[in-house]
Amino acid sequence: SLAGFGNLMQDVLWCFSQVKGTIDIGVTEADIISTVEFNHTGELLATGDKGGRVVIFQREQESKHQPHRRGEYNVYSTFQSHEPEFDYLKSLEIEEKINKIRWLPQQNAAYFLLSTNDKTVKLWKVSERDKRPEGYNLKDEDGRLRDPSMITMLRVPVLRPMDLMVEATPRRVFANAHTYHINSISVNSDYETYMSADDLRINLWNFEITNQSFNIVDIKPANMEELTEVITAAEFHPHHCNTFVYSSSKGTIRLCDMRTAALCDRHAKFFEEPEDPSNRSFFSEIISSISDVKFSHSGRYIMTRDYLTVKVWDLNMENRPIETYQVHDYLRSKLCSLYENDCIFDKFECVWNGSDSVIMTGSYNNFFRMFDRNTKRDVTLEASRENSKPRAILKPRKVCVGGKRRKDEISVDSLDFSKKILHTAWHPSENIIAVAATNNLYIFQDKVN
Amino acid sequence: MFVRGLKRKCFDGEEDIEGSLAGIKAIPSYNLQRQSLLDMSLVKLQLCHMLVEPNLCRSVLIANTVRQIQEEMTQDGTWQMINTQSTGQASLDRLVSTDILCRSSREQAEGKHVSGYSTFNKDFESDQAQDSSETMSTASSVQASRNLQSNAWEMENPQENKGNFQKSLDQIFETLENKSPNSVEDLFSEVDSSYYDFDTMLTGMMSNTKMGHCDGLETFSSPTTTASNSNCKSDLNELDHIVEILVES
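Residues numbered from 1 in each chain as written. Chains lettered and ligands numbered in written order. Predicted model: local features only at pLDDT ≥ 70, side-chain atom pairs only at ≥ 80, totals over all residues. Heavy atoms only, no water.

- Labelled according to an unreviewed UniProt entry, chain B appears under the name CDCA4 protein, originating from Tricholaema leucomelas.

- You'll find chain A entered in an unreviewed UniProt entry as Serine/threonine-protein phosphatase 2A 55 kDa regulatory subunit B, with Tricholaema leucomelas given as the organism.
- Regarding chain A, the relevant UniProt record gives this comment under Sequence similarities (unreviewed entry): "Belongs to the phosphatase 2A regulatory subunit B family." (UniProt positions renumbered as here; feature names shortened; annotations may be inferred.)

Spelled out as structure tokens, the structure:
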């Protein structure tokens, strides 16, 4: 169920929980959040930013004494994942901006995540240290070496408790495999491999091997002058380790099976919606470009985001989506202006909730939208400091398209296009969402009665 | 409505853009819009060179838009009209226009392109108001948009001859015209293949220093035959020689 107006018992009311980040008017570009991702249990929430940093938040244990405060997320670890680099061959800078973070499922006490910039993927291990060995024979407590001739007896070092320290160490660096900019990474359900996708190629990696990767998709034409289409996103099927999908700038999705061939140039399935001739314009192709593709948790559906809509596709039906949701159709008449100021190229992401019943995506003016697939109801909410009182219920927002503007509505021309919600995340099992608004991370939860 | 500092005034009347050639009165408006979209797209492609490494997806989408416009213009004959404007000019003019382009490119290398772009927008707005008269024919509307572009350039380089820049644009369109229906490829065609091929342009890969937008302009403007290039250079030398003599006397 979904945020509504508080009338129906089943509706979820979304409340403000926390906001991370500074309130400064001038935003440092490095602080702009570029990716958000919960881990598989929802205990950890990771963000990456334009400055190449990763910040991991951990959910506190719920306190019996304060039941109205559901577990809050607090900083667990911060580290510099990527640094700016310079490609001397091309005389170009390689940005340190973190494009994507993907968690590995937890297999021992440590946490593992993949983070990537335009060119290099890194595997990070985040582990806790709460004990330290004491009582070495050959060095004293300060670490200075002892004079061996002064040692009269031997002792066994013991582990003593210390203040909790969380350390992040880079365990693998997967570099030099992408000529073009990496837009996606996806961990395979076998937990042994993962893929990285750039504009023209997709590579398959084994976590243990960094000096080699398999190229599984290559759409680079022999003559670059013939290039008309690029890869925009890619993801592995959540259960079938041989299956993945990738989307294109022409609004198509290809599903590939790695068992059929080493190079998956032939798709097993091809998803494309026929064009509506009445809506055709010079911008039709641009707005059909898919900015994100996500499998449902069940693995039965895929969701795609293009500039104006979110679509849900059934894997068994290739010729059209089963559901289409309008995110901000009022922008359709403004496409020329949005082309001029480049907003038409903004890449919005989309996410499923844990039960695949609700989907969420961002928009402008710090608005984000949720669509309930069962009730067909939708709501627009806003991530703003004004709504940031603890446990304040978020009020639904409405954009006025024409005619008379009601009191709480905002007109299309008043929308702030510099405030865009590109990245959001939904807790895997609970109604907790994380929304990245430029340099601020908002966490909203459903109301606890 | 838009990002602060960026002036935006563009034809958002989707109805106009989408409509077919409904009547003579509708044509100038549609063609003017389409022309401005083409111009805007070309500027965007040139600006690609300024970035850290241009976004390939964005470049491809813009290039596809340019292709679409060019195809439609070819189909409804507007492309022919632009061509008739330019034929009949002396070949010397053509060479001079190439010269102007080379010179302005070098001068642009200092990096005044961003202001040039906003200047373009500003001039576009004022000209748009002037051009709203419905009695204009298609030909003169095309002429008007090119006048406007030369105005934009004039603000950057006052000494540039207005007429010469119009001929420079002719140069671009001519290159496209000569190679139709695949003329858009000439936008990305190789002059010196190691430096200017499509991959190079779109991924911003150049051999030496960081490029300014002028490199894109050179790609657009380069004639398809090397003979023209050498003619250009020899004319340049000749002109220099003549100027030298004049100055000394």
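Right, picking up where we left off after that structure.
### Quick word on the pairing of strand E26 (residues 367-372) of chain A
Residue and element names in this part refer to chain A.
Thinking step 1. A large share of E26 lies buried, amounting to 6 of its 6 residues.
Thinking step 2. Side chains of E26 alternate between two faces, with Phe367, Arg369 and Phe371 and Phe368, Met370 and Asp372 buried alike.
Thinking step 3. Examined bridge by bridge, strand E25 (residues 358-362) and E26 share 5 bridges and lie antiparallel to one another. The partner of Met360 across the bridge, within E26, is Met370.
Thinking step 4. In this antiparallel pair of consecutive strands, E25 and E26, the connection spans 4 residues, and Asn365 shows a positive phi of 60°.
Thinking step 5. As paired elements, E26 and strand E27 (residues 378-382) share 5 bridges and run antiparallel to each other. Counterpart to Phe368 in the pairing with E27 is Leu381.
Thinking step 6. Hairpin connection between E26 and E27: a loop of 5 residues separates the two successive antiparallel strands, and Lys376 in this loop has a positive phi of roughly 65°. (Buried < 20%, exposed > 50% of the residue type's maximum accessible area, 1.4 Å probe, protein only. Helix = DSSP H or I, 4+ residues; strand = E, 2+ residues; numbered from the N terminus. Pairing = 2+ DSSP bridges.)

### Some words on the pattern of salt bridges
Thinking step 1. For the structure shown, the criterion picks out 32 salt bridges over all chains.
Thinking step 2. Residue Arg332(A) pairs with Asp329(A) through a salt bridge whose shortest N-O separation is 3.0 Å.
Thinking step 3. Residue class for Arg332(A) comes out partly exposed when judged on its relative accessible area of 25%.
Thinking step 4. What makes Asp329(A) partly exposed here is its relative accessible area of 33%.
Thinking step 5. Here Asp76(B) and Arg34(B) are joined by a salt bridge, their closest N and O atoms 2.7 Å apart. On the criterion of sequence distance, the pair formed by Asp76(B) in the loop between helix H3 (56-75) and helix H4 (78-86) and Arg34(B) in helix H2 (residues 26-47) is long-range, its members being 42 residues apart.
Thinking step 6. Among the residues examined, Asp76(B) registers a relative accessible area of 30% and is labelled partly exposed.
Thinking step 7. In this structure, a network of salt bridges that share partners links the residues Asp31(A), Asp49(A) and Arg53(A). (Salt bridge = Lys/Arg side-chain N within 4 Å of Asp/Glu carboxyl O.)

### Digging into empty space enclosed by the protein
Thinking step 1. This model, assessed by the stated rule, comprises 11 cavities of 30 Å³ or more.
Thinking step 2. There is about 100 Å³ of room inside the second largest cavity.
Thinking step 3. Surrounding the second largest cavity, Ile286(A), Ser289(A), Ser291(A), Asp306(A), Tyr307(A), Ile344(A), Phe345(A), Asp346(A), Lys347(A), Cys57(B) and Leu61(B) form its lining.
Thinking step 4. Per-class residue counts for the lining of the second largest cavity are 6 nonpolar, 2 polar and 3 charged. (1 Å grid on protein atoms, 1.4 Å probe; cavity = no way out; pocket = protein on both sides within 12 Å on 5 of 7 lines; lining within 4 Å. Points joined across faces, edges and corners; volume = space filled by probe spheres on them. Nonpolar A, V, L, I, M, F, W, Y, C, P; charged D, E, K, R; others polar.)

### Here's the deal with the sheet that holds strand E17 (residues 243-248) of chain A
Residues and elements named next belong to chain A.
Thinking step 1. A sheet is described by the order of its strands in space; here 4 strands give the open sequence E16-E17-E18-E19, paired in antiparallel fashion. At either end of the open sheet lies a strand with only one pairing partner, and these are strand E16 (231-236) and strand E19 (269-271). The average undirected angle you get between the axes of adjacent strands in this sheet is 20°.
Thinking step 2. As paired elements, E16 and E17 share 5 bridges and run antiparallel to each other. Bridging across to E17, Ile231 finds its partner in Ser248. (Axes fitted to C-alpha atoms, helices over the stretch in contact; angles between N-to-C directions.)

### Here we look at the nonpolar core
Here is a general trend for soluble globular proteins: nonpolar side chains tend to be buried in one another's company.
Thinking step 1. In terms of nonpolar packing, the biggest core is built from 43 residues, with Tyr307(A), Leu331(A), Leu338(A), Tyr339(A), Ile344(A) and Leu415(A) touching the most fellow members.
Thinking step 2. Those elements giving two or more residues to this core turn out to be helix H1 (284-288) and helix H2 (335-340) of chain A together with H2 and H3 of chain B.
Thinking step 3. If you tally residues by element for this core, the top one is H3(B), at 8 residues.
Thinking step 4. Look past the residues within four positions of Leu331(A) in its chain and what remains in contact with it is Tyr307(A), Leu308(A), Leu338(A), Tyr364(A), Val412(A) and Phe417(A).
Thinking step 5. Core analysis: the second largest hydrophobic core is formed by 19 residues, Trp14(A), Phe368(A), Ile421(A) and Ala437(A) among them. (Core = buried A, V, L, I, M, F, W, Y, C linked by side-chain atoms within 4.5 Å. Contact = heavy atoms within 4.5 Å.)

### A few points about the packing of aromatic side chains
Residues and elements named next belong to chain A.
Thinking step 1. Going through the model one piece at a time under the given rule, you end up with 21 aromatic pairs over all chains.
Thinking step 2. Aromatic side chains Phe368 and Phe444 sit 5.6 Å apart centroid to centroid with 25° between the ring planes, which places their arrangement in the stacked category. In this pair, Phe368 sits in strand E26 while Phe444 sits in strand E32 (residues 440-446), placing the two residues 76 residues apart along the sequence.
Thinking step 3. When its relative accessible area of 0% is taken as the criterion, Phe368 is described as buried.
Thinking step 4. We classify Phe444 as buried; its relative accessible area is 1%.
Thinking step 5. Three or more aromatic residues joined by ring pairs form one cluster here, namely Phe16, Phe368, Tyr442 and Phe444. (Phe/Tyr/Trp six-rings, centres within 6.5 Å; stacked < 30°, edge-to-face > 60°.)

### Considering the state of the cysteines
Residue and element names in this part refer to chain A.
Thinking step 1. In this structure the tally under the stated criterion is 0 disulfides over all chains.
Thinking step 2. The thiol sulfur of Cys241 is not disulfide-bonded, and the nearest other cysteine sulfur, from Cys264, lies at 13 Å.
Thinking step 3. By relative accessible area, which is 36% here, Cys241 ends up partly exposed.
Thinking step 4. Cys256 supplies the cysteine sulfur nearest to Cys264, a cysteine that is in no disulfide, at a spacing of 5.2 Å. (Disulfide = S-S within 2.5 Å.)

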